[in-house]
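# Chains, contacts and geometry: an overview
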Amino acid sequence: QDVIRFGAPLPITGPLAPEAVKQQQGYDLWAEQANKAGGIDVGGKKYKVEIVYSDYQSNTPRSVQTTEQMITQDKVNFMFGPFGSGAAKAASTIAEKYKVPMLAATASSSQVYDQNYKYLFGTFTPNDTLTTPLTQLVKAKAADVKKIAILARNDLFPLAIAQEMEKSAKANGLEVVYFEKYAINTLDHSATLSQIKSLNPQWVFVTGYTNDLLLIRKQMVDQQMKAGVVTMIAGPAYQEFIESAGQSAENISSASWWHPAEQYNGKDIFGTTANFVKLFKDKYKLEPDYAHASAAVCGALFQMAIEKAGSLDRDKVRDELAKMDVVTFWGPVKFGANGQINSLEPPVFQIQAGKPVVLFPDAIKQGEFKLGVN
Amino acid sequence: MTRTNIALLVLITCVAALPLFGDAYALRLGTMACMYAIFALSWNIVGGFAGYPSFATAAFFGLGAYTTGILMNKGVPLTLSLLGSLVLCLLLAAALGAVLLRLRGHYFAIASLSLVEVFRELVNNATDLTGGGMGLNIPLVSGSSVLSDATFFFYAMWGLLLITALVVIAVSMSKLGFGLNCIRQNETASNMVGLNSTLYKAIAFGLSACFVGAAGGLYAAWVHYIDPSDVFDILYSVKPIVMALMGGLGSPLGVVCGAFVYLGLEEVVWRNYIQIHSGVLGVLIILLLLFLPHGLVSLHAGKIWRGLTGRKAKHV
Amino acid sequence: MSKPGHEILHLSNVSRHFSGLKALSDVSLSVNKGEVVGLIGPNGAGKTTLVNTICGVTPASSGVVTFDGRDITRIKTYQSARLGLSRTFQIVQPFAEFSALDNVAAAALFSQPGESLKSAREAARVHLAFVGLDAQANQSAATLTLAMRKRLELAKALAMKPKLLFLDEVNAGLNSAEVERATKLIHQLAADGITIVMIEHLMKVVLNVCTRIAVLHNGKLIADGAPRDIIKDPAVVDAYLGQQYAQRNAARG
Amino acid sequence: MLAIQVLINALVLGCLYACIAIGFSLVWGVLNVINLIHGSFIVLGAYLAWGAYNSLGLSPWYALLIAAPAFFVFGYLLQRLLLNRVITAPVLVTLTLTFGLDLILNNAMIYYFKADYRKLILNPPTGSISIFDVVVPVDRLIATASALALTFLLYLLLRRSKVGRAIVAVRLDRDAAVLMGVDVKSIYAIAFGLGAALAGCAGVLMALIFPISPLTSSAYLGKAFVVCVLGGLGSVSGALAGGILLALVEGVGSVYLGPAHAVTLSFVLLIIFLVVRPQGLLGRKGFE
Amino acid sequence: MLELNGICAGYGEIQVLWGIDMAVRSGEITALIGSNGAGKTTLMRALSGLIPLTSGKYVSEGVDLSKASAAQMLAHGIVHVPEGRRLFGAMSIEDNLLMGAYSRSVSRSELNRDLDRVYTTFPKLRERRNQAAATLSGGEQQMCAIGRGLMSAPRLLMIDELSLGLSPLLVEQLVAALRQLNSEGMSILLVEQDVTTALDLCHHAYIMDMGRIVRTGQGAELLADPIIRDAYLGVLED
Ligand SMILES: Nc1ncnc2c1ncn2[C@@H]1O[C@H](COP(=O)(O)OP(=O)(O)OP(=O)(O)O)[C@@H](O)[C@H]1O
Ligand SMILES: Nc1ncnc2c1ncn2[C@@H]1O[C@H](COP(=O)(O)OP(=O)(O)OP(=O)(O)O)[C@@H](O)[C@H]1O
Ligand SMILES: [Mg+2]
Ligand SMILES: [Mg+2]
């Protein structure tokens, strides 16, 4: 039986470990679907999908090492990128050297793509596509929001998105009364939050990974900090954030690249967004979030490109990816010259009654923006 | 020159033959092995000879990486940048060493550990120069193909290892090495016989930092992209110690063997156990410590013989 | 004083305290070249501290120390060693893993600039032979007996070619025969022109070798003079020697 | 007002830091072992509290009563069976051993609990009290009180009880303690067990305040290190002083220099402290 | 009180004691004299269970103690005051004394009575009871060490190097204290370099050399023996 091997480096241990689970679930779901359909059709011949996993211990140098190992030793045909912007950027150097197409499921920062590599593609639009609609929504719905405080984890993705936020806040006439980074591994934010509280911002914007956001949210409540708008990126899209934050998640707003409420009718193996959500729920008894979906769509995109190329030749598949212009359950997919997707319109949402409710774009809107976070 | 030092040079020479057999990934592993051997040898100058348990390896690795990265971004060629890393780490470590090495034992360990944190946060916050949390791109010094690239960096790292080993051997045979040995055994007495221990320790700390710094620079050029949490990873400090302990504290041959064996184990375990590799590695470390408390160098024929015949080894 | 000669060591008003505790207060003392000065005093009087202060191990809190006409109050230990001040430790401080030979070689090597390891080892053999440790030259210091380690201390101190030698209780814990041997060595050193300051509780040794005795009590110098006078000094008897000793001494005449 | 709020925050946080550090300090001070597994013990304690609350409905205060003996036994056995074999070896050997143990425990936790973050949410929530605009969260207050109580208990134990005196004696002079008839191996095991029990209890208390994940162990360990050195090794009151000092530096630093610099500041402070006063805030010179 | 039969012991592969036969009589002061490295300390360490015997046995009042641990020796009332005092420096005098009583399970009031007895023997200790042991002068430390030994309720007190590094005055005081304790019925085994003092104080003495007992006899008798004078007393005049 012929197989196509895909390499997927995952941060199974170390600080990013929770993300590894999501990515693996997304990849596995796609592989299962593809194999159930008989495999990938390459010029009339069916190939089974096999995904090779490895743990890079949330350590960027190791992700580079494992990428090379997968390409040279495990002889994978194609690569998925490691998690996040930093590792994807580092690993893409290897893919570029070996001329192996790499699809990064979770790299949004434009810095990842600024080397104009030919073999790297990513399914997250640039960070400003999240912050701009957010700002516009707040401007439109809460005119009295004048002051914003921004607190960012000092790490590639969270910091990049905070900087975008600062830009778009300034562009929209908001006053940025506080902009600070916090160190990775910070346990206590109470002093920082007390200070923010004393500045009386109407909008508090925080970035970080799920644990940072949970920590900060809890300590905001402890400090009895109230604000008209509280935005957190990227945790609130995750079910575990909502569960762990409980009551305090209410009215937190966020933005992400995908939402299960979207209604695309795709040409990929999953078809409609609803179908993807159903398949995912059946398999994992969980509501999928954007991280699951992005991993799955990466597989689906590879499948389409390979089938279109009708060959396993890496350059041909790469060219198909570069030319790609198609609608999927994830949304319309078209990559820019630098490899980053530029066709998505990321949704803005808010936690209401323990559920993420889409506020924007209007086409899939589920509810109205609510002010006031206690 | 002692027999073990000759054995060390022979071992390193053998490693140079790797490109004849291995592909690019093997070369990557070889490059890593050389890098860790440099760390372990360097650590041994302070930790093994002078007996000061330093955790500062990661600090100077990161510093060296960023120095080279920044210089290369300013158009300085690789060799000069590496020299820059080496000299900067040498001088800075010597200066810091003069102050920090007044501390003994645990206290020194903690202070050197804090150096890593301080350096990382300084680099993290000097956003204009280093890119901070956004990381730093380093221009490619690319050869033509994947393999020639890998070979280039392998030999570069190997060469650095050879230089490090030669320097360490020279130190071990010199007055400096003798003095560091005195300091380890009894610092009060060392001072009393006219040994300027502050100077000796500063030199030792400087030497133990400079090759680590150069290796950091080479690493940065090799991977093209660094960020603070990668290069100031505390594991770069811890692993050389584990390697030195596994190989045999104080013996240059031992620590290099320790480095190679540790990396070999890590690679095998990592490949075979996706979910539980770090646990398995932990078990191996513990078993090695319990059954080979004096390191691999103690594993010579006599020892095995005594072990088999059940006679107790002599403890001194 | 007993022997004429120029002043080699001078302390004026030297004090040293350890957070509140005054271990030395206003000690003024001078030692002339060629003298053998005994430094006695009750336990905790500050004798060891005085040596530490002179050698720069615990620098003086106030006061001035001069050696050979040079101010050495703030000098580093290793510098004092190179100037020709050497000492033995009350609690022996060998390089435990080194052989006896290398212990002494270290002393020769680092105290004299320009010495090479090879020539230091050669010099070390001579000093080991002098203290009678030549048979143990290759034995590691950790396995030597206490008496041998005390002799090793002495060999180390000698290898530094001292002008002024401090001996801190070199006889403590030695039996009478050993003490006698050590005393002979000290006599010989004095004859070679080395100035010696010795701290000692064994009065018979002190009386046997010292040309002068200084007495410390509670960090203060309470007496300084010829041995025969000192042991009759009531203050010294009260603080240090005890009535029994004085009586025995008086009985002997 | 901000100043007072920051000060209060720091006091409360300082006590929590002390609680994190105290077991670590005890083990380091008595056994001369830098116990790298301490952070993972704390996390395991937090899981215990989480599990007890979510599956048995047991409030964390009762979980303390389970955690203390359970961790004591765990620590006691670990020391008795494993660490005692290399206890006389140089410090780096025991350090490497605990490094290996930590790899195992942490990996096991990731394997069983998965790496996602959990949070113990009390129902109903405890809320915060505010006096003149100064806010203090009740759960932190309770945790602080418990931390102080634990600290005080340990202090009493070391100062007043026979076992406590033996622990101190072993720390000061192992051989002399043997001569007094002290069974050094079991005292070591008791000390390590106590250290583990304190870590477990700290974990239970931290579960109320911080998200729970195997991945936070290094953050706890880092804090324990700093607090312990600031306060003085093996000193109970020192841990408290060190904890509060650290919390103050972090708090003031993050307000006046920004939160990213607060960490740097605390480590720079640590280095300065080490060089100037290696015995720590309350350690006494010469009695290491 | 204590019978030693052919005791051999050492450190690892280094044998130090080569068949020691010795008897320590009840109610007497026994002195152990010998040149440096003769093995006196080693013998004491073996007797107190700090190092194991390689062969030989010792018996106290019919009980074989050859394999006893330090704690078991203490239980038999055999107490060792080690060379170099080995006080717990950061602990107060009183805590040091209480550590002496560690292996006994007695009531607080009995402990207080014993403390009182020690303080009566060494009044200086009562004065300084809360001072940290490390800050004491050498002689005070020696008193504290002996006091700590007394707190273990010894029937046989073994003291290694009684006068090491002590001023003549303090030696005088300690000797008086030991005489007093002995007159109250305590047996004492003493290692002492100052042969005159030791032979003067003891009832019986053993002389050790190279890990063997070479002479034994009554203190006064040995003191008069010219061979002993020659080998151990030296010619230095007092
Ligand atoms: N580093 C130190 N810290 C604190 N106190 C000290 C220190 N060194 C010495 N002391 C104290 O200073 C005093 C003098 O001590 P020193 O060692 O000089 O006495 P000594 O005369 O040598 O006594 P001995 O005859 O017992 O050796 C003592 O009370 C001692 O406790
Ligand atoms: N820990 C040890 N390891 C190896 N050998 C030792 C050890 N301790 C002592 N020795 C050796 O054992 C022998 C006897 O030593 P011991 O200390 O019993 O002598 P001692 O009679 O007490 O002498 P001193 O009068 O110097 O105290 C010596 O040769 C010594 O070197
Ligand atoms: Mg002294
Ligand atoms: Mg002895």
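First things first, this report covers the structure right here in the doc. (Residues numbered from 1 in each chain as written. Chains lettered and ligands numbered in written order. Predicted model: local features only at pLDDT ≥ 70, side-chain atom pairs only at ≥ 80, totals over all residues. Heavy atoms only, no water.)

Further remarks concern the interface of chain A and chain D. Between chain A and chain D, the residue contacts involve 35 residues of the former and 38 residues of the latter. Across the interface of chain A and chain D, roughly 2,900 Å² is buried in total on both sides, 62% from carbon and sulfur atoms. It is L187(A), K218(A) and D222(A) in chain A that bury the most area against chain D; as a group they hold 20% of the surface buried on that side. Connecting chain A to chain D are two salt bridges. The interface formed by chain A and chain D contains five residue pairs in polar contact (both at pLDDT 80 or more). Taken together, the elements giving at least two residues each to the side of chain A that touches chain D come down to α1 (17-36), β8 (175-182), α7 (190-199), α8 (210-222) and α9 (239-245) of chain A. Grouping the amino acids of the side of chain A that touches chain D by side-chain chemistry returns 14 nonpolar, 14 polar and seven charged. (Contact = heavy atoms within 4.5 Å. Buried area = accessible area lost by both parts, 1.4 Å probe. Salt bridge = Lys/Arg side-chain N within 4 Å of Asp/Glu carboxyl O. Polar contact = N/O pair within 3.5 Å; in protein donor to acceptor, adjacent residues only side chain to side chain. Helix = DSSP H or I, 4+ residues; strand = E, 2+ residues; numbered from the N terminus. Nonpolar A, V, L, I, M, F, W, Y, C, P; charged D, E, K, R; others polar.)

Contacts between the two partners involve 36 residues from chain B and, on the opposite side, 35 residues from chain D. Carbon and sulfur atoms supply 82% of the area that chain B and chain D bury against each other, a total of about 3,200 Å² over both sides. Per-residue buried area on chain B facing chain D is highest for H106(B), Y107(B) and I110(B); these three make up 23% of the total on that side. Viewed at the interface, chain D and chain B are joined by two residue pairs in polar contact (both at pLDDT 80 or more).

Attention now moves to unusual backbone geometry. Residues and elements named next belong to chain A. Here the amide bond leading from I233 into A234 is cis, since omega sits at 15 degrees, within 30 degrees of zero. Along the chain, A234 turns up in the loop between β10 (229-233) and α9. Across the junction of F360 and P361, the peptide omega takes the value 0 degrees, indicating a cis bond. Mapped onto the fold, P361 is located in the segment after β15 (355-360). For K75, which is not glycine, the phi dihedral falls at a positive 50 degrees.

Membership of the largest hydrophobic core comes to 416 residues, with the highest contact counts inside it found for F6(A), W30(A), W330(A) and F60(B). The contacts of F6(A), once residues within four sequence positions are left out, are W30(A), I40(A), V49(A), E50(A), I51(A), V52(A), V76(A), F78(A), F80(A), F302(A) and I306(A). By size, the runner-up hydrophobic cluster in this structure holds 49 residues, among which are L111(E), M186(E), I188(E) and L223(E). (Core = buried A, V, L, I, M, F, W, Y, C linked by side-chain atoms within 4.5 Å. Buried < 20%, exposed > 50% of the residue type's maximum accessible area, 1.4 Å probe, protein only.)

Another aspect to go through is the coordination of the magnesium ion (ligand 4). The expected angle between donors at a tetrahedral four-coordinate metal is 109.5 degrees. At an octahedral six-coordinate metal it is 90 or 180 degrees. Residue and element names in this part refer to chain E. Coordination of the magnesium ion (ligand 4) by the protein is provided by T41 (OG1) and E83 (OE), with metal-donor distances spanning 1.8 to 2.5 Å. Taken as a pair, T41 in helix α1 (residues 40-47) and E83 in the loop between β6 (78-81) and α3 (93-100) lie far apart in primary sequence, 42 residues in all. E83 gets classed as partly exposed once you look at its relative accessible area, which sits at 30%. (Donors = N, O, S within 2.8 Å, 3.2 Å for Na, K, Ca; no water.)

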